[in-house]
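Coordinates in review
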Amino acid sequence: GENVEQHPSTLSVQEGDSAVIKCTYSDSASNYFPWYKQELGKRPQLIIDIRSNVGEKKDQRIAVTLNKTAKHFSLHITETQPEDSAVYFCAAMKYSSASKIIFGSGTRLSIRP
Amino acid sequence: DSGVTQTPKHLITATGQRVTLRCSPRSGDLSVYWYQQSLDQGLQFLIQYYNGEERAKGNILERFSAQQFPDLHSELNLSSLELGDSALYFCASSLDRAANTIYFGEGSWLTVV
């Protein structure tokens, strides 16, 4: 079945620096890759997503890149701020009659002041 | 506010008991997903319903069951509860069964004592 691996599990960066989180997926038929941010005790919230027909998408300080050949995608956060501290989850999904979103194991990002 | 409503927000119950968690999806969404998140853990996919029918199943225990009603709200039933069932249970919804954005509710905190 579908498997999504996410690295690193924890990440600490200096405020203002960039953070990169990477995910790999196993099912080459996956065609939708969302990223969610979850603050402590709260619900996961979508921050950016990408579909398999594009290689990169950017929204202000956040960008996602997709390499379909290698089956991996990455989240890039530039000019990190304290409010970026949270757990980030990647996910992979494919269109089918029995689609289910499988999430990566999460990355706890800490921004050092 | 994601538009996905979950009740109750908090629940404390004893081992061996049975509880029901309720979810109302966003207006117009036909798919409902249930996820389990234990303390400091990732999002474990339990089950998905689409327009009243079960569409995908994850690592859902036999003690757990779910259904989606004609008005599209869903219930997750947890029986013969064990201490290890203590977790945050999220419901999410999406427009259809395809690769679309899913929106999470605030979750139901279940504590088994």
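The preceding data block contains the structure.
The structure contained in this document is the topic of the report that follows. (Residues numbered from 1 in each chain as written. Chains lettered and ligands numbered in written order. Predicted model: local features only at pLDDT ≥ 70, side-chain atom pairs only at ≥ 80, totals over all residues. Heavy atoms only, no water.)

With that settled, the discussion passes to the overall build of chain A. From N to C terminus, chain A includes 0 helices and 11 strands. Rg of the C-alpha trace for chain A: 14 Å, near the compact-globule value of 13 Å for 113 residues, within the 12% margin. When contacts within chain A are restricted to residue pairs at least 6 apart in sequence, those whose partners lie at least 24 apart make up 52%. With an accessible surface of roughly 5600 Å², chain A has 47% of that area assigned to carbon and sulfur atoms. With 14 positive and 12 negative side-chain charges, chain A shows a spacing of 6 Å between the two charge centroids. (Helix = DSSP H or I, 4+ residues; strand = E, 2+ residues; numbered from the N terminus. Rg over C-alpha atoms; globule rule 2.2 N^0.38 Å. Contact = heavy atoms within 4.5 Å. Areas by Shrake-Rupley, 256 points an atom, 1.4 Å probe, with all protein chains shown as cover. Lys, Arg positive; Asp, Glu negative; His and termini not counted. Charge placed at Lys NZ, Arg CZ, Asp CG, Glu CD.)

This part is about the nonpolar core. Within the largest apolar cluster, 24 residues are counted, with the highest numbers of intra-cluster contacts made by A:Trp35, A:Phe73, A:Leu75 and A:Leu109. At the level of elements, β2 (10–14), β3 (19–25), β4 (32–38), β5 (45–51), β7 (62–67), β8 (72–77), β9 (86–92) and β11 (107–112) of chain A are the ones that each hand at least two residues to this core. Dropping the residues within four chain positions of it, A:Leu109 is found in contact with A:Leu11, A:Val13, A:Ala19, A:Ile77, A:Asp84, A:Ser85, A:Ala86 and A:Tyr88. Residues B:Phe64, B:Leu76, B:Cys91 and B:Val112 belong to the second largest nonpolar core, which totals 20 residues. (Core = buried A, V, L, I, M, F, W, Y, C linked by side-chain atoms within 4.5 Å. Buried < 20%, exposed > 50% of the residue type's maximum accessible area, 1.4 Å probe, protein only.)

Residue and element names in this part refer to chain B. An order of β1-β3-β8-β7 is seen for the 4 strands of this open sheet, with the pairing classed as antiparallel. Single-partner strands in this sheet number two, and they are β1 (5–7) and β7 (64–68). Taking each pair of neighbouring strands and ignoring which way they run, the sheet shows an average axis angle of 15°. Strand direction decides the pairing type here: β7 and strand β8 (residues 74–78), joined by 5 bridges, are antiparallel. What sits directly across from Gln67, in β8, is Glu75. (Pairing = 2+ DSSP bridges. Axes fitted to C-alpha atoms, helices over the stretch in contact; angles between N-to-C directions.)

It is worth spelling out the environment of A:Val4 at this point. Residue and element names in this part refer to chain A. Looking at where Val4 falls in the secondary structure, it is placed in strand β1 (residues 4–7). Along the sequence, Val4 and Gly16 sit 12 residues apart, while their C-alpha atoms lie 29 Å from each other. When residues no more than four places from it in sequence are discounted, the contact partners of Val4 are Cys23, Thr24, Tyr25, Cys90, Ala92, Ile102, Phe103 and Gly104.

Every contact between the two is made by 23 residues of chain A and, on the other side, 25 residues of chain B. The tally of links from chain A across to chain B stands at 1 salt bridge. Counting across the chain A and chain B interface gives 4 residue pairs in polar contact (both at pLDDT 80 or more). Among the elements of the structure, β4 and β5 of chain A are those that each provide at least two residues to the side of chain A that touches chain B. For the side of chain A that touches chain B, the per-class residue count stands at 10 nonpolar, 7 polar and 6 charged. (Salt bridge = Lys/Arg side-chain N within 4 Å of Asp/Glu carboxyl O. Polar contact = N/O pair within 3.5 Å; in protein donor to acceptor, adjacent residues only side chain to side chain. Nonpolar A, V, L, I, M, F, W, Y, C, P; charged D, E, K, R; others polar.)

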